[in-house]
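The chain contents come next:
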Amino acid sequence: MMSAPHGYHGRFLEIDVGKCSFAWREISSDTLRQYLGGVGLGTYLLNRLQDGCVDPLSPESILAFVFSPLVGSALTTSAKFAVVSKSPQTNRINDSLSSSRFAIAGKRTGADAIVLRGQSDQPIIVSIDDSSVQFLPAAAYWGMECSEAERRIRDDMPASDAQVAVIGPAGENLVKYATISNDGRHAGRGGHGAVMGSKNVKALVVRGQKCVTWAQPAQLNKLAKELSAKSFGPATAKYRELGTAANLLVFNRLAMLPTRNFQQGQLESASSLAPETLEKTLRKTRKSCAACTIGCEHLYEGKQGESPVRIEYESLFALGANCGINDPQVVLNACRRCDALGLDTISTGGTIAFAMECAAEGLLPSEESLTFGDGEGLLRLIEQIGRRQGIGHRLADGSKQMAQQLGPKAEEMTAEIKGLEMPGYEPRGLTAMAVGLAVAARGADHNRSGAYEADFAGDVAQGDFKSAVQAVIDSEDRAAVMDSLILCKFIRGVLDDFYDDTATLLQAVTGWDIDRAELRDVARRIVHERRQFNVRAGWTPLEDTLPTKMFQQPVGIHEAIDRKAFSEAVGEYNFRRQSES
Amino acid sequence: MITVEFFSIPKRRAGVNELEVQTDVPLLLTELLAQVAQAIPEFGECCLDQSGQLQRHYLAMLDSERLRPHSEALIPCDSRVIILSADVGG
Ligand code: SF4
């Protein structure tokens, strides 16, 4: 076997869960240098191991858990992994990040990636302990909610340091936006949980002793200390003190808090959901992923006896404002139930909000609890979606598929891109983000493009779609590097020069003489690779657009988007991306 | 009068939701921030740099448009300026 570069094992583990077989496969140093890890390496593997046309819920699909060169180092926020597959919700590429101890233990199995394919004929757990792979019966855990399944499976494993990623009832029931859960975190968007459920895999268990080497250990330690020290500064204060939920009042003030299925930009009494209010009335604890000095997780206790629940801006927007709900107890409970069932909060809230608007317009029966502001109804619908019961069976396929069945009027009401429900960034108020959302390979995506930064920084003026294109490209490129190294995006504010700083970290880990120019090339290659998968899966430029209502209805102080200027920008973006390749 | 609204970390540092800055004439952003820092020294210490501009982690907005540091644009009386954390990642 070739020797692996520092920071890597130089191989991945391919497991066929239908045949209960596995094989170790080499990854060349060149490939690792070209794609780094995480999202980049995962996309590389997806493109080579799966045909673009494959049904994501069929045995031929793959589900890749991909680690990265920085995992296991002392660099803060580096304990992350990517999950990559074709999305059953969008039929396009899907890559999600999750974090914590699973990432560290997974890499210690000796694999840079673990790829599942095939379909078991009964529920199983795939357990990897160092280099050995076992296929264990999972019938006893089938039906269990995420945290209970994770705890029980970990307790039942012979080694106490095994780490577990599980699906909940939503994944078992092939809800198209089901998550994979580990350490209380979720690989959330696009339905990886359904892909895992389709393979009849309840859990992936990882444990190992195989450590990678670092090229410059002393330098890496020094860099890690410096990065940690900076992570205590003002750049991350928002995440430490309030969490992502701090966005809520800002966006509400700017009339950019998507409300009632993106029909409004402000929620009345939004402050009742804000972290500044919640922390005054509820007990709060703070947590962090393993190896993180920021600690952005803010957990709030609900009523007595209810477990604390992690609150993020996206969940508050999706299950609160977007459904017209401002009762914090309802929203906390809705988040708790989504986490337990293994449901992506953004798509759950987005699909329910869409159905609520359909009911208001008489396209769905309103007696199904489909009324904006109906908290009890929201909670009932979440249960029905997770278990595919009643109307939940239809909602479980997401808003796009439901709209196609309901007809053209419903299709004009959706708030999704490529089938993925919109995150809580209002395109009518954020010009660069509007383009970023439309062209994102994964669908409506605030993580692979952070183009809203250019809007807030004032680099792109409202309505100036022409200048948005470069901002979107730059933002996607930075995200491609960040998500492949992998470092948490919440640390980006402490980096003085993104490409220089990340190249320095990678040099210390790998010993490569990589510089900013090469990292930019890596970024473009990864973006291109993601687009290529979509092309092979049937993508056309017509998909790179926004929901109809963005072009037809103003929201608060924000005008409807000029379709012509917007389309020209998207065309320009696609032309430039094509020219790069 | 110009009203300054605080959000996110600037609100925590300022300890208030908003501040009314009394003025009969339009102000430059630097002038406005100096008056805010005078009224709320904790805000000045935590959020402004030595030149009296907002640190790069914070930004000011007027009518949904960013007010750039050293901007020569005058902020009209009777307007509302918003000061927030620059990172709106979620
Ligand atoms: S900042 Fe938050 S999401 Fe990022 S690594 Fe730390 S705890 Fe995890």
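Residues numbered from 1 in each chain as written. Chains lettered and ligands numbered in written order. Predicted model: local features only at pLDDT ≥ 70, side-chain atom pairs only at ≥ 80, totals over all residues. Heavy atoms only, no water.

(A) Structural context of the overall build of chain B. Secondary structure summary: chain B contains three helices and five strands in total. Over its C-alpha trace chain B gives a radius of gyration of 12 Å, about what one expects of a compact globule, namely 12 Å for 90 residues. Judged by the C-alpha coordinates and their principal axes, chain B covers about 35 × 25 × 25 Å. By the burial criterion, 52% of the 90 residues in chain B qualify as buried. Considering only contacts within chain B whose residues lie at least 6 apart along the sequence, 52% involve residues at least 24 apart. Split by element, the accessible area of chain B, about 4200 Å² in all, is 49% carbon and sulfur. Counting 7 positive and 13 negative side-chain charges, chain B places the averaged centre of each group 11 Å from the other. (Helix = DSSP H or I, 4+ residues; strand = E, 2+ residues; numbered from the N terminus. Rg over C-alpha atoms; globule rule 2.2 N^0.38 Å. Buried < 20%, exposed > 50% of the residue type's maximum accessible area, 1.4 Å probe, protein only. Contact = heavy atoms within 4.5 Å. Areas by Shrake-Rupley, 256 points an atom, 1.4 Å probe, with all protein chains shown as cover. Lys, Arg positive; Asp, Glu negative; His and termini not counted. Charge placed at Lys NZ, Arg CZ, Asp CG, Glu CD.)

(B) Geometry of the overall build of chain A. The secondary structure content of chain A amounts to 24 helices and 17 strands. Its C-alpha atoms give chain A a radius of gyration of 22 Å, near enough to 25 Å, the size a compact globule of 581 residues would have. On the principal axes, the C-alpha backbone points of chain A span a range of 65 × 55 × 50 Å. Counting all 581 residues of chain A, 65% fall into the buried class.

(C) Quick peek at the packing of aromatic side chains. Residue and element names in this part refer to chain A. Throughout the structure, instances matching the rule amount to 18 aromatic pairs over all chains. Between Tyr 425 and Tyr 452, the ring centres sit 4.5 Å apart and the planes meet at 15°, which makes this aromatic pair stacked. One end of the pair, Tyr 425, is in the loop between strand S17 (420-421) and helix H18 (431-439); the other, Tyr 452, is in helix H19 (residues 452-457), and 27 residues separate them in sequence. Tyr 452 carries the same exposure label as Tyr 425, and that label is buried. An aromatic cluster is present here, built from Phe 251, Phe 262, Tyr 313, Phe 317, Tyr 425, Tyr 452 and Phe 456 joined pairwise through their rings. (Phe/Tyr/Trp six-rings, centres within 6.5 Å; stacked < 30°, edge-to-face > 60°.)

(D) Here's a closer look at the packing of helix H12 (residues 328-341) of chain A against helix H14 (residues 375-386) of chain A. Residue and element names in this part refer to chain A. In contact at an axis separation of 10 Å, H12 and H14 are set at 5° when each is read in the N-to-C sense. In terms of their interaxial angle, H12 and H14 are classed as roughly parallel. Where H12 approaches H14, its residues Val 330, Asn 333, Ala 334, Arg 337, Cys 338 and Leu 341 are matched on the opposing element by Gly 375, Leu 378, Leu 379, Ile 382, Glu 383 and Gly 386. Looking at the contact of H12 with H14 residue by residue, the classes come out as seven nonpolar, three polar and two charged. (Axes fitted to C-alpha atoms, helices over the stretch in contact; angles between N-to-C directions. Parallel < 35°, antiparallel > 145°, perpendicular 65-115°, else oblique. Nonpolar A, V, L, I, M, F, W, Y, C, P; charged D, E, K, R; others polar.)

(E) Representation of the domain arrangement of chain A. Residues and elements named next belong to chain A. Domain assignment breaks chain A into domain 1 (11-207), domain 2 (234-421) and domain 3 (427-580). Taking the mean C-alpha position of each, domain 1 and domain 3 sit 26 Å from one another. Contacts between the two partners involve 39 residues from domain 1 and, on the opposite side, 33 residues from domain 3. Buried surface at the junction of domain 1 and domain 3, both sides included, amounts to about 3200 Å², of which 60% is carbon and sulfur. Looking at the side of domain 1 facing domain 3, the largest losses of area belong to Arg 33, Leu 36 and Arg 92, adding up to 24% of the total buried there. Counting every contact that joins domain 1 to domain 3 gives six salt bridges. The interface formed by domain 1 and domain 3 contains 23 residue pairs in polar contact (both at pLDDT 80 or more). (Domains from an automatic or database assignment. Buried area = accessible area lost by both parts, 1.4 Å probe. Salt bridge = Lys/Arg side-chain N within 4 Å of Asp/Glu carboxyl O. Polar contact = N/O pair within 3.5 Å; in protein donor to acceptor, adjacent residues only side chain to side chain.)

(F) A look at the site of the ligand. Residue and element names in this part refer to chain A. Every residue lining the ligand is accounted for by Thr 77, Lys 80, Arg 185, Ser 288, Cys 289, Cys 292, Ile 294, Cys 296, Cys 488 and Phe 490. Its residues assigned to classes, the shell around the ligand comprises six nonpolar, two polar and two charged. Counting residues domain by domain, the shell around the ligand receives three or more from each of domain 1 (11-207) and domain 2 (234-421). (Near = heavy atom within 4 Å.)

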